[in-house]
Amino acid sequence: RAFDFGCWSPLALIFSDAKIPVVQVSLHPSLDPRVHVALGEALAPLRDEGYLLFCSGGVTHNLVELSFGEERPPAWAVAFDGWVDDVLLHEEHKTTHGSYEDAWNSRNRR
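A few points on the structure.

## Thoughts on the overall build of the chain
Counting secondary structure elements, the chain contains 5 helices and 0 strands. Across the chain, the fraction of contacts at a sequence separation of at least 24, relative to all contacts at a separation of at least 6, is 48%. Surface exposure of the chain reaches about 9000 Å², of which carbon and sulfur atoms provide 58%.

## Considerations on a nonpolar patch on the surface
A cluster of nonpolar side chains, namely Leu13, Ile14, Phe15, Ile20, Leu52 and Phe54, defines an oily patch on the protein surface of about 600 Å² accessible area. Its relative accessible area of 56% is what places Leu52 among the exposed residues.

## Considerations on helix α4 (residues 75-89)
Here α4 contains 15 residues, and its C-alpha end-to-end distance of 21 Å stays within 8% of the 21 Å for a straight helix at 1.5 Å per residue. Residues of α4 that are buried include every one of Trp76, Ala77, Phe80, Trp83, Val84 and Val87, and no others. Taken around the axis of α4, the buried residues stretch over an arc of 130°, which confines them to a single face. Seen from the open side of α4, the exposed residues pointing more than 90 degrees away from its buried face are Ala75 and Leu89.

## Points about the layout of surface pockets
The calculated volume of the second largest pocket comes to roughly 270 Å³. Every residue lining the second largest pocket is counted, 14 residues in all, and those nearest its centre are Glu65, Leu66, Ser67, Pro73 and Pro74. Of the residues that constitute the lining of the second largest pocket, the class distribution is 6 nonpolar, 4 polar and 4 charged.

## Topic: the environment of Leu11
Within the secondary structure, Leu11 sits in helix α1 (residues 5-14). Relative accessible area serves as the criterion here: at 14%, Leu11 is assigned to the buried category. Considered as a pair, Leu11 and Phe54 are 43 residues apart in the sequence and their alpha carbons are 9.0 Å apart. Every residue in contact with Leu11, bar those within four places of it in the chain, is listed here: Ser16, Val22 and Phe54.

Criteria and cut-off values
- Residues numbered from 1 in each chain as written.
- Predicted model: local features only at pLDDT ≥ 70, side-chain atom pairs only at ≥ 80, totals over all residues.
- Heavy atoms only, no water.
- Helix = DSSP H or I, 4+ residues; strand = E, 2+ residues; numbered from the N terminus.
- Contact = heavy atoms within 4.5 Å.
- Areas by Shrake-Rupley, 256 points an atom, 1.4 Å probe, with all protein chains shown as cover.
- Patch = residues over 30% accessible without salt bridge, like charges linked within 9 Å, V, L, I, M, F, W, Y side chains within 5 Å.
- Salt bridge = Lys/Arg side-chain N within 4 Å of Asp/Glu carboxyl O.
- Buried < 20%, exposed > 50% of the residue type's maximum accessible area, 1.4 Å probe, protein only.
- Expected span 1.5 Å × (residues − 1).
- Arc of directions from axis to C-beta.
- 1 Å grid on protein atoms, 1.4 Å probe; cavity = no way out; pocket = protein on both sides within 12 Å on 5 of 7 lines; lining within 4 Å.
- Points joined across faces, edges and corners; volume = space filled by probe spheres on them.
- Nonpolar A, V, L, I, M, F, W, Y, C, P; charged D, E, K, R; others polar.

Just geometry here; none of it tells us what the structure is for.
Here you go:
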C-alpha cells in the first residue's frame, strides 16, 4: 500500500535518494486519547536506538472543515492547538490528563 501524503511528501523532500524502511502510523479519532499517548510512550525508546521518529500533519487536521477563504481558524482548533503547544513546550504538563481530555473533546465542538 502506498504511503499517505502526510508521510510521503515530507520524506520525499528530506530523504529523496534514501532507501530507508518506513512504518507509517496514524492516529484514530475513535480511540481513547490515552491509547495514542501509550503508543508514543512505547515508541519513545526507539530514539535511543538510532531510529528517526518523524511526525507530520496538522494537529487539527480536518479536511471536512477546511476552508481556504477563512481568515481565522475555528475556536476549537485554536484551543486544541494551544494545548498541544503548551504540553510540548512545558515538560511539567505532560502528566496532566484532565486538561488533555478537555482539549481533545473540544476538537469535536462546533
